[in-house]
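For reference, the chains in residue letters:
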Amino acid sequence: MQNKGVIVFLTVIITALCLYYLSFTFVSNGVKEKAQAYATDASGNVDFAKRRAYLDSVWREPVYNFLGSEFTYQEVKETELGLGLDLQGGMHVTLAVSPVEIVRGLAGNPKDEKFNEAVEAAKELAKTSDEKYVDLFYAEYKERFPEKNLSSVFATAANRGRISLESSDSEILEIIDTEIENAIDRSFNILRTRIDRFGTSQPNIQRIQGSGRIQIELPGVDNQERVRNLLQGVAKLQFWEVAELNEFGGAIEAINSAWVADQSTAEPEVEETTEDEGELSEEDSLINALEKQLEEIDPLQDNSVSPLISLIKANYGLVYEVKDTMAVNRILNQDRYSRMLPKDIKLLWGVKPQVAEDGSEILELYAIKLRRGSDEAPLEGDVVTDARQTLDQTSRPAVSMQMNAEGARKWRKLTAENIGRRVAVVLDDYVYTAPVVNGEIPSGQSEISGNFDLQEAQDLANILKSGSLPAPTQIVEESIIGPTLGKEALNQGLISMVAGLVIVVLFMVAYYAKGGLVAIAALVFNIFFILGILAQLSAALTLPGIAGIVLTIGMSIDANVLIFERIREELRNGVGLLQAISAGYDKAFSAILDSNVTTFLTGAILYALGQGPVKGFAIVLMIGIASSFFSAVFITRVIVSWMSKKGDKSSISFETPLAKNALSSLNVDFLSKRKVAYLISTGIIVVGLGIAAVNGLKFGVDFTGGRSYIVAFNEPMSASDLKVGLDNEFDGSVEVKTYGANNVLKVTTSYLINEDDAESNLEVETKVKEGITAVTGLAFSDDAENLSDTEFAITGSSKVGATVADDIKASSAEAMVVALIAIFLYILVRFRKWQFSLGSIIALIHDTLFVLAAFAIASAFGATFEIDQVFIAAVLTVIGYSINDTVIVFDRIRENIENRGTHNLVKVFNDAINQTLGRTLITSFTTLIVVIVLFLFGGEVLRGFSYALLVGILVGTYSSIFIATPVVVDLMKREGTETAKEAKKTA
């Protein structure tokens, strides 16, 4: 084998990198185990507040040393392979920025009744429409003011310079769109800062491009109401005078002296023992262990000066390294010390770290001057009418700010009193900037300059506008997963993965002997690479991600089956072992490449157009395809070459007595049965879709909108009895079904589907709790892990607004169409005949309709599976798997045509199907095994997903033989007939 050294080198490098990145996961787990031990009392109960306190105490402290490089716990968490919310519990929230207030604010909040009617009418339409709010508002406005342009409303004094009476409607709509986009950016930055303050480990916040929404994941949160209030609270922008160090330095010295005195007088802890107990209680020893650890990470060991002074960065003022801010906060958060500050001083941190000359990240602690001890700022942000990024006189990025008349008056007074001093711009108690006042500003028009880059200037401009154009955020989608539900999902996923792996190992060894061991080695490398690459990408492993790994276990065998079947075919033709191995790898390569590319395309489309769990599945699928291609094609070739270097057949074998000559001499006339296959497929699809038309398909909450709750009981509970009782609470708009176990139910309702406010959420949840109590007589409990026979608990919930549901349906349909187009084009490029492309697309449409029909037929027999985002992922995976099968057959057809021509087309196609049937059946069998395991042990969350895959693998194998290939034959014969007719006419 050529380039063997390169393959070995790459394998070693990739393995080393995977080990390095996965090491952060092991370190992180070790820290979390210590936190868990510290927070667990002698009875085994966990105090989550103490657990959080422990993790916060080491957040910015070194916990890992790798070859001399130290990493803080924060850096470890950012690099580890994390678990998704569905595997550890937590809260997933999607927020939308309300454009209504922006439109009103730009218009100067007019009192015109018709204008406000148009605003409200557009707001109601937006709840169920896919159109942008601005377009809906414009249509409503023109309906009420057909003769008036938008400029008559929006050409206000505050918009001078941007909107005039001559501005066209299209120009004004573009400005409104820009303001809404800026409001989303502003909200994103504010929310990111708030989340960082919230204290949850490894939070994730991202904008959903093109939707105006912000998606947030908060692992491990246990106070959902606090999160809701935090995320939906209105930002408060203020301008404050900044005190210099000499104005309050005495208070800092007094705090330092008091701290030093407290350390010197603190009584040393004595480990007391009693005659009955030779050691401290478990709880006391754990507390001592934490306190000892905190002492070890304390920046000062001699207690001669407090961290408040000792940690100040020289030549920078009241500035500290970011890693030291926790030590400072531990002092300032204690009432004994904070009371020593003057009553007119309030200490606030800067929001964004700066880089010092030595390369360290630093934060300034600002002293804000209060007026007569009041929290009322000299100037509030609502006086800002506009702010935008500009360039100063030296062409450096700056920010231009304009205030209204009242603001200009107060700003003139504030700047006149603080010439040569700093004025801080404060949002949510964080200082965003504190520029020095160069002179009195009489007009309200100001320029803020500094060491900004363009992005920082734009961000500051957006922050300053948070007071002028309020854009409150609303939770339009929410999912809460309790730790109990997450732990159960993790166990189910791991069981599925291990069980699938064991079964595949046994089969491959039983069928391919030593060749099977080589394939298993490649599979182990594959799984290891997937986990390592996920860690390198700082991605989280989700339950659909585990499903992707389980599926990869089955599909990654495919490449080796192709290779081994080719080798066996060469050996049966009398070729020597070394030549057979070389020919097997060479001849299988194009088929493996094509099948992997087509499946990768579906994964890429899933990632680009999917959301939430679908993205997690797509990432694993793409990584799995890439790593399985490398391990199955290249790593196994190195291993096989090494094992067979003597050329002795005893050194490596590719069959056992069980598999000897199995499926090797088939000669079935499949194409003669194609019309029967067409009729069978059409009949099943028609019956299934007919049932769906009559009974309807069961769509999940993310497609219909609504709220769902996972309710756990200590004893089995009847879903039908509970539904009857809850129907009274929700006017019949409720569904109850068993969720995985007979003591867990899923309650879904569309009641108040279009209402996103906190009151509606509370009303629906209260009705669920009261309805369950009324039916069962049980009481609600917050403790899901310790339910008594008289209690029930809600272990998870989700909410999806109607507009979000419409968007999810639209993106899902888009994903399906894009996937089919991409596959059509790829097949056309690779096989150079449109018949192959069209035949493959017809087969894929057939498979999709077949899966839908199977869902409808299952529901007719009482087995209801929801159609949701994860179902779409399953269908696209089926498309990828089916085209994988089809491409293998097409590749052999292309080879046969090159060797034998198209004289007897049906014979050529039949031979190709028979020649690849062994590989098709073996790959389908191994994949089917792991999917059955996933269906049985993967849990309720993945039940519909695995059922779709189960049907899809069977029908995908069937369609590649009886649909795709026969359709290509019929199309090519039709073209040949028409060509002959044309030739005859010409003659």
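Predicted, not measured: the structure shown is a model, and the values here were computed from it. (Residues numbered from 1 in each chain as written. Predicted model: local features only at pLDDT ≥ 70, side-chain atom pairs only at ≥ 80, totals over all residues. Heavy atoms only, no water.)

Engineer: Help me understand the nonpolar core, please; the structure alone is not making it clear to me.
Structural biologist: One broad rule of soluble globular proteins: the nonpolar side chains tend to lie buried together. Residues Met-508, Phe-909 and Phe-945 are the most contacted members of the largest nonpolar core, which totals 122 residues. The leading source of residues in this core is helix α32 (residues 943–986), at 17 residues. Within the second largest apolar cluster, 42 residues are counted, among which are Val-100, Val-103, Phe-145 and Ile-184. (Core = buried A, V, L, I, M, F, W, Y, C linked by side-chain atoms within 4.5 Å. Buried < 20%, exposed > 50% of the residue type's maximum accessible area, 1.4 Å probe, protein only. Helix = DSSP H or I, 4+ residues; strand = E, 2+ residues; numbered from the N terminus.)

Engineer: Would you mind showing me how to read the pattern of salt bridges here?
Structural biologist: By the definition in use, this model includes 29 salt bridges. In this structure, the salt-bridge partner of Asp-891 is Arg-894, at a minimum N-O distance of 2.7 Å. Remark: Arg-894 and Asp-891 occur in helix α30 (residues 869–900); sequence separation between them is three residues, near one turn of the helix. Each member of the pair, Asp-891 as well as Arg-894, carries the same accessibility label: buried. (Salt bridge = Lys/Arg side-chain N within 4 Å of Asp/Glu carboxyl O.)

Engineer: Would you mind going over the sheet that holds strand β13 (residues 384–391) with me for this structure?
Structural biologist: The pairing of strands in a sheet happens through backbone hydrogen bonds and is either parallel or antiparallel. Pairing is antiparallel in the open sheet, where three strands are placed in the order β13-β14-β17. Pairing within the sheet leaves two strands with one partner each, and these edge strands are β13 and β17 (445–449). The average angle at which neighbouring strand axes cross in this sheet is 20 degrees, direction not considered. Bridge count between strand β14 (residues 397–403) and β17: five bridges; the pairing is antiparallel. Bridge pairing in β17 links Val-399 to Ile-448. Contacts from helix α16 (residues 405–417) reach β14 and β17 within the one sheet, and its direction differs from that of β14 by about 115 degrees. (Pairing = 2+ DSSP bridges. Axes fitted to C-alpha atoms, helices over the stretch in contact; angles between N-to-C directions. Contact = heavy atoms within 4.5 Å.)

Engineer: Please explain the environment of Tyr-585 as it appears in this structure.
Structural biologist: Topologically, Tyr-585 is positioned in helix α22 (residues 577–609). Ignoring anything within four residues of it in the chain, the contact list for Tyr-585 reads Ile-563, Ile-567, Ala-632, Val-633, Thr-636, Arg-637 and Val-640.

Engineer: Honestly, the environment of Val-614 in this entry has me stumped. Any pointers?
Structural biologist: As for its placement among the helices and strands, Val-614 is situated in helix α23 (residues 613–643). Taking relative accessible area as the criterion, Val-614 reaches 5% and is therefore assigned buried. Considered as a pair, Val-614 and Gln-869 are 255 residues apart in the sequence and their alpha carbons are 6.6 Å apart. In this structure, Val-614 is in contact with Leu-606, Gln-869, Val-870 and Ala-873, ignoring residues within four places of it in sequence.

Engineer: When you look at the packing of aromatic side chains in this model, what are you seeing that I'm missing?
Structural biologist: Given two aromatic rings, their pairing is described by the distance between the two centres and the angle made by the two planes. Per the stated rule, a full pass over the model turns up 33 aromatic pairs. Measuring from ring centre to ring centre gives 5.9 Å for Phe-137 and Tyr-141, while their planes differ by 45 degrees; the resulting arrangement is tilted. Separated by four residues within a single helix, Phe-137 and Tyr-141 lie in helix α7 (residues 133–144), roughly one turn from each other. Taking the relative accessible area as the measure of exposure, Phe-137 reaches 0% and is therefore buried. The exposure class of Tyr-141 is buried, given its relative accessible area of 0%. Here the aromatic rings of Phe-831 and Phe-890 are separated by 6.0 Å at their centres, their planes lie at 80 degrees, and the arrangement is edge-to-face. Of this pair, Phe-831 sits in helix α28 (residues 802–831) while Phe-890 is found in helix α30, placing the two residues 59 residues apart along the sequence. Phe-890 matches Phe-831 in its accessibility class, with the two residues each being buried. Members of the aromatic cluster, each reached through a chain of ring pairs, are Phe-525, Phe-528, Phe-529, Phe-589, Phe-629, Phe-630 and Phe-634. Taking the ring centre of Phe-780 as reference, the NZ or CZ of Lys-769 above it sits at 4.0 Å. Sitting above the plane of the Phe-831 ring, Arg-894 keeps its charged end 4.4 Å from the centroid. (Phe/Tyr/Trp six-rings, centres within 6.5 Å; stacked < 30°, edge-to-face > 60°. Lys NZ or Arg CZ within 6 Å of the ring centre and 35° of its normal.)

Engineer: What am I meant to see in unusual backbone geometry here?
Structural biologist: One can expect most non-glycine residues to show negative phi and most peptide bonds to be in trans. With phi around 50 degrees, Leu-67 is a residue other than glycine that occupies positive phi space. Mapped onto the elements, Leu-67 comes out in the loop between β1 (62–66) and β2 (69–72). Located in the positive-phi region is Arg-832, a residue other than glycine, with phi close to 60 degrees. With respect to the helices and strands, the residue Arg-832 is situated in the loop between α28 and α29 (834–860). Using a relative accessible area of 71% as the deciding quantity, one classes Arg-832 as exposed.

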